[in-house]
Each structure stands twice: as structure tokens, then as C-alpha cells.
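In case you want the letters, here they are:
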Amino acid sequence: MPSTLFLLMLPAALCSMGRAMSRDEKQKLRTQVVEMFDHAYQNYMDHAYPADELMPLTCRGRVRGLEPSRGDVDDALGKFSLTLIDTLDTLVVLNKTVEFEAAVRKVLSDVRLDNDIVVSVFETNIRVLGGLLGGHSMAVMLKEEGQYMRWYQDELLHMAKDLGLRLLPAFNTSSGLPYPRVNLKYGVRGPETRTGTETDTCTACAGTIILEFAALSRFTGDPVFEAHARRALDFLWEKRQRNSNLVGTTINIHSGEWVRRDSGVGAGIDSYYEYLLKAYVLLGDDQFLQRFNIHYASIMKYISQPPLLLDVHIHKPLLPARTWMDSLLAFFPGLQVLKGDIRPAIETHEMLYQVTKKHNFLPEAFTTDFRVHWAQHPLRPEFAESTYFLYKATGDPYYLEAGRTIMDNLNRFARVPCGFAAMKDVRTGSHEDRMDSFFLAEMFKYLFLLFADSEDLPFDVEDYIFTTEAHLLPLSLSTAPHASSVPQNKTSEEELDDSNFDWTCPNTRLLFPDPAFPRNLREPIRSAVDKSCPRPAPYREPGMGAPPLRAQDFMANNREHLELLRRMGVSLIHLKDGRVQLVQHATQAVSPIAAEDGVRFMQEMMELSSQQQKEQLPPRAVQIVSHPFFGRVVLTAGPAQFGTDLSKSSTGVRGFVTVAEPYSGCSEITNGDYVRGHIALLQRGQCMFAEKARHIQKAGAIGGIVVDDNEGSSSDTAPLFQMAGDGRSTDDITLPLLFLFHKEGNILLEALKEHREVEVLLSDKARDRAAIFKGKPLPGSLFEGSADVHQAEEDCQTDQSKAAESESESTASQEAVDAAPAQIEADVPKADSEDKKADAADQSVNELMADWRDDLEAFRQMEKDEL
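Throughout what follows, the structure given in this document is the object of discussion. (Residues numbered from 1 in each chain as written. Predicted model: local features only at pLDDT ≥ 70, side-chain atom pairs only at ≥ 80, totals over all residues. Heavy atoms only, no water.)

Turning our eyes to something else, we now look at the packing of helix H10 (residues 270–283) against helix H12 (residues 332–339). Running from N to C, H10 and H12 point in directions that differ by 25°, and their axes come no closer than 11 Å. If you check the angle between H10 and H12, you find them roughly parallel. Crossing of H10 over H12 shows left-handed handedness. Where H10 abuts H12, its residues Tyr273, Glu274, Leu277 and Lys278 lie against Leu335, Leu338 and Lys339. (Axes fitted to C-alpha atoms, helices over the stretch in contact; angles between N-to-C directions. Helix = DSSP H or I, 4+ residues; strand = E, 2+ residues; numbered from the N terminus. Parallel < 35°, antiparallel > 145°, perpendicular 65-115°, else oblique. Left-handed = near helix turned anticlockwise from the far one by under 90°. Contact = heavy atoms within 4.5 Å.)

Right, dumping it as C-alpha cells:
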């Protein structure tokens, strides 16, 4: 079908669900967008040009090599006035044709593309090559109108071809996948290039080339660019996981092996999917739509858990790969609009909007219960992009208000005297001296278009398609002559079953028979993110059976509840660290009604988890104070979300330890005479934490310690978590309950075996021995002059940080931070017969500490790499 027909869905407006915005109001907002753009653009031109980017806090340009390196982020900078090129077609969209003409002249006179500098192939393609092609498209359009750019003779296109030729050496691989970096002057071969040794690239990096390279080929008549881009896409398609039809995040450019096998729609993959669909729209090649539809079906089957989009493993797509989402996936609702799948687009967008309202901006990453995972926000435009496309598809003024929110937050929190500064931390409002070129290329373009009617624009935007950098390429390229040498590799019929493909544009009247439909989709999602909004009981038609299982009633050890979960498509996955993870797949539910109940249950579980974990609490301490330890053994423990809050106790709870019978603590305690007045030792498992606490409290215990039943677990390798309640009120539990991993718990059990009476102190942190013994002579004073002892006591007083995790024997998201292991000092006097045992203990502790330091350093490096 002609590609122009594919876009007919976009201007189709529906009945408005909110107060219609007047034309005057929209005009004021457009004017405000232009003023904001002027503030950013003029400050770049005044303080930064010809540098690549503006540093808005220090009011100067960012020149690569003169500023401290930021790692891979700087690969976008090539000393080619990046921000100016990236902004060219935005000037035309905002009716700044005079400024556009002046900017083009500056690019032609000042910009060099032959610099001896290593740049990202991906970033240079979408920002610089795309910017030059978008500028060329606008220049040709204005010239044809006859008022502006009459002098233009395809100079920007000539620059684009020069740049394209400089990028081509990166594609000289056996697979056709490009190297991730290229030297603009020397290519990728030879020592002078300082590149060409890389083996891996991201899927999006290799799969986001086709629009710019195909446009360059069709503008110039040289097929070589489109041929290379198609070859790279063909290779990625061939390397997809055939069972799941998903692709991984990182691939080896030589062997085609997947280096990172997690799959989602965010960072590392995002624009690969975008370019498959848009390549069909721009070029009219059915093969691209076939591939996109196959991928999209798998995305909706495995990754989409409305309103969430969660990464999975390509070989085991039913297993989640992470418990957080990154902000780059905010483009996906806009792509779903282009696809014609409006319902999940509305749902995911609403989730993103509520997260935005909660934190003012989308954090770089946030958890499934909508807490901050990575706090940065570099003024990304993807949410504004999806807002624009949803407004075009629905005509709902709700999305105009969402656009107003974006603008207000930018002006309130990101605006500085010399432009707009990226947010270093959305929680504190701190800034980063950074204003990326995509902010001018995309943000103001989408916001202006959101509030504009067709008569407010200098051209018909429906005649163009947006690249991933929002550059405009004319749809007329689909009919432009291109050499037959461009390979048209058709996939066999056995591989592609297109019986369910959408080959026609969706009828919006069928999509939205009820004008209230978009609002009805948004309401439950809004209350899932915003805890202050009550969730109404779901409507169930007569005869549809009993009300569904609610999260607050769920018991992990209740067989009837587990069967109800199975019917709703919710499965339990037992993780190696002892946690239980809930995963919902609508396709596995027994009916559509049950699938909706499953989605609602998962949303309620996330709400419950978040409510139970409003604050991240520091770890607690189990300090052995009896002979021969005398406070020198401190075990890192996890807190509970119920019972005595040890952080509010100045003394803690001190008592002798007794093993409860039954050890699980899941039924009435049979050795109550021994437990009474003592701290009960329990084993994890078989019932909820709160149930254990109630049983030992009934037996008269003054506290409890739960030991992990997962052999080998330790606080030095696993993040601590908060023991959650059972969904009911836990106000009746008044004693403190702490959690020890298996390794730390064994230390306590071994002490109990060797010394019949072991006294411990449960507190928020290790106590100074002087405080423990209240001014009495300190046991072991023989060693008081020891520097090692003094240091150990200081160590015991050091605050310990952890990763707070809520657990109701189901899983919630987690953020791993430093978690201190058991701190043990083995300098207590021992009998000669125990010397060897003491030496072994010393060695064991030293190894424990060394392993912990190695793990901590590895984690820090992993976090740095991910950022």
C-alpha cells in the first residue's frame, strides 16, 4: 500500500474528553514554546557556537578535549557545531525562516567534517547526517515556495554525502554491522584511526541507519548508502532469537553472537524497532513491515505488561531481566500510535505521565513501583514525542495539558540564565552543566507541533516522517528512483506468516466506540502511580463469578490463592536468593476477564509493595555481647516493616538467644518456657514473616531473628531487604524482628553450639562497647591499647548502607548499594587448644572481607558501566 495512506490515522480526531483548549490558549502556549526555544538557541549561539554544545551553567561551549572526558557521551561531539546542525529543521517548524537561512550559511562557511576525531557512528548518523538531510529537505521546500533560500544549490546535501562517505568505512565488517566508532579523517583501519578494535555494538546502534542512509541514496542517486544500511538490518533480523523473535541489546559485530541477551524497547534496542516501521512508511518496502509486525507481536506477548514495559531474556522470554525501566522507552507509545495500537499506547503514556508528575521529570530509570532508580534527566524529548502523537491520534485535550506540564516543569526546574540545564538528580533538583543537542532538535519541535494547527505551520507535516532525532524526511522519497542494485532480500514464506498482519490503517471509530474510552484507560493507571487516588472496585458483569483475588489478601502459602493466580496468568518464580517473583502474562490466563484481573492484581501488588516501603531504612545489627565475644562480633541484619522500630530505640533489645520449636515458627511454639523472655531464632520459609513474629510473641519472646534457609546466601553478595507483612494489619506485632542471611546466621548458630548461652543486642547499628557495658570495666581490657581493637570498634560504629527491598514472599524492585558484611574481630583470648580454631577464624574473616571488597568494587564498576 502507498506509504502516505499509512499516516491517515494521525489527524483523525476523536471526541474530546476534557475541556477543549481554545485557539487563543494554544496560541499563547505556542508563543511560550518559541520563547523557550529562543532562550536556549540564542544562548548557544552567543556563548557556545561554534562548539558542539552549550554548557548552560558556566555559559560556555563544550569543546571535546578541553573539558574533562565524560566517556562514551562525548562520542557524539565531533567539532562540527553539532547543536546548530541538529537544530536546522526546528527553525523552519517554528516559522523562523530568516534564522534558518542564516544558520545554513553558517554551517556552509564554518563547519568542517574532516576532523581527526573519533565519533559515534550512531550519534553522528542520527544527529549530523540526519540534521543535514532535514535541513536540505526544508531548504528545498522553501526554495520551491520562492520566497526564501533561492540561492540554495543542494550544498547541505553535498555535505551530507561527504559525511556519509566518511561513515562508510565503519561498515567494512564480515557481518555488515558497523563498528560503533569511526575516525572522521582516517576511518577505522590503521593506528592513526585510534578505533576499529571494538567487537561489540548495541542493536539500536547498528539498526538505526536505514532512514538517513536510504534518504541519502535517493537524494543523491548513489545506492551504496542504502545497500549498507539494508545489509546491517538483514543481519540483525537473521540473528533474532527464532523462538521468541526478540533481539538482544548488544551483539558481536564479527560473529553475530549476542553479548547481552536482555531484550526490551528502551536503551540499546529502541530505535531499531522504530526504524523497521518507519522504513516501511518512508520506502514502501513490505519486508520492513513484515519484520516489524513479527517483532511487535513478541513485544506485546513478552515485554508488554500494561502499563509496564519490562525487559526479558531472549531465550527465556517469560523470565524478567530487570525490575526497572529506562526513560528511553517513553518513545514507544508514539510508535504504537504509528502502528495503530492505541490502547496500550494510552496506558503506557499515562504511567509515564504520572511518573513525570511525581518526580517533575522522567528519571533516567525508575522501578516497577515508580521509585527513582537512576536520578538523572538530560532533558530527553521522548515523552513529549509520544504526547504529540497521542494527541494527533485522539484529539483529546488531555494531552495538551500534558504538554503544558512538560513546559512548566522545564521553566520551573531546568531553566537557567544561559539556557536549560540537565537535571543531575530529579529528587533534589540539582543541575548538570549540560544541554544536549537533541533538546533543541526534538523537544521544542514536538511541543510546538502539539499546540499548532495546520495553518500555523509553513508546510504540511503529514508529507514528512520523523527520524528518531525528529528530523524531517519527505515521504516523496518512496517514489524517488533508486538503483536496482539495492538488495531486496525477501524472506521465505515459511518464515513469515502474515495472516494476522495489519495491512490497512485502523478505523478510529472502531477503536473508540465510547468517547470516554481514553479516560477509562487512564484512571486505574493514575491511581496505581499516585497512592492518594483510591482505586474503584472493578465492575464485573452478573454471572462472571466471584470478585478477583486482591493483593492485600494474597498469601503465598495458600493453595487456593496460588490456583487463582494461575488462572489469572500469574506465575511464581523462585529465585536463587530465596525471593519469590510474580510474573503475569495475559496470554496464559484462562479468559480475557481473568487476564484483566491478573493485570489489576499485579498493579495492586506494586502499590502494596510501594506503600510498605515508603522510606529506605538502613540495615540493623545483631551484636553478640556475651563471653567471649563482648560486642566484637556484629552481624548485618535486615529490618522488618512491622514491630519495634529499632532506629527509634536508644538502647535496642538485649537478650539471650533460643532456637524456637518448630524452627520454622509457622505454628504454635512448643518450647514456650524456653522462648519466654528470650530472643527466638527462626528459619525462613513455609509461612509469612508476620506469622512467625506473632507465634513467638504469643510465646513471650522479646525479639526474633529469622535465618535465611537459602544455603550460602550472605549480606556481602546479596542485597538486604525489608521483611514485609502479610497484607493485613501488623499493628498487633510489638517485638523487633530481624533477618540474617545464611552465612551470618550460621555464625550465630555456631556460637550457640559452642557456648550454651549467647546474649545478643538487636539495634539499629553496632554499639560502642562502653555503651553496652554501661561504664563497667570492659571485658578484655588487656587489649585496650591495641590499635587494631580501636580501629575495629570504630568500624563497628560506622553506618552501614544497604539496598532496601520490600518482600511479601513475592518480589518488588531493588536497588543494590553497599551492604556491609559481618564485622568480626578474633583477638579475644583463647585457650591453647583453640589457637588453631582462632587462626582459621581469622583467615575466614579476612577472606570474607577481601571477597566483600572485590564484590563491592565489581558492583561499582558495573553501575558505572550501566550509567
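With that settled, the discussion passes to the sheet that holds strand E13 (residues 365–367). Strand order across the open sheet formed by 3 strands is E12-E13-E14, with antiparallel pairing between neighbours. If you trace the sheet from one side to the other, it starts and ends with strand E12 (324–326) and strand E14 (372–374), each paired once. Within the sheet, the average angular offset between the axes of one strand and its neighbour, ignoring direction, is 30°. Pairing geometry for E13 and E14, over 2 bridges, is antiparallel. (Pairing = 2+ DSSP bridges.)

Moving on: the nonpolar core. Membership of the largest hydrophobic core comes to 173 residues, with the highest contact counts inside it found for Phe100, Leu410 and Phe420. Sorting elements by how many residues they give to this core places helix H5 (residues 121–145) first, with 11 residues. Within the second largest apolar cluster, 23 residues are counted, among which are Ala640, Phe689, Ala693 and Val706. (Core = buried A, V, L, I, M, F, W, Y, C linked by side-chain atoms within 4.5 Å. Buried < 20%, exposed > 50% of the residue type's maximum accessible area, 1.4 Å probe, protein only.)

With that settled, the discussion passes to the state of the cysteines. Scanning the entire structure with this criterion turns up 3 disulfides. Disulfide pairing places Cys666 opposite Cys687 at an S-S distance of 2.1 Å. Around the S-S axis, the bridge from Cys666 to Cys687 shows a dihedral of about -85° and counts as left-handed. In this pair, Cys666 is assigned in the loop between strand E25 (653–659) and helix H21 (672–675) and Cys687 in the loop between strand E26 (679–683) and helix H22 (689–698), connecting sequence segments 21 residues apart. Neither Cys666 nor Cys687 differs from the other in exposure class; each is buried. Regarding the disulfides, the protein carries the connectivity 1-4, 2-3, 5-6 under sequence-order numbering of its bonded cysteines. (Disulfide = S-S within 2.5 Å.)

This model, assessed by the stated rule, comprises 50 salt bridges. For Glu35, the salt bridge goes to Arg415, with nearest N and O atoms at 2.6 Å. In this pair, Glu35 is assigned in helix H2 (residues 23–47) and Arg415 in strand E15 (residues 415–416), connecting sequence segments 380 residues apart. Take Arg415: its relative accessible area is 26%, and that puts it in the partly exposed class. Lys96 serves as the salt-bridge partner of Asp38, at 2.9 Å between the closest nitrogen and oxygen. With Asp38 in helix H2 and Lys96 in the loop between helix H3 (82–93) and helix H4 (97–110), this residue pair connects regions lying 58 residues apart in the sequence. (Salt bridge = Lys/Arg side-chain N within 4 Å of Asp/Glu carboxyl O.)

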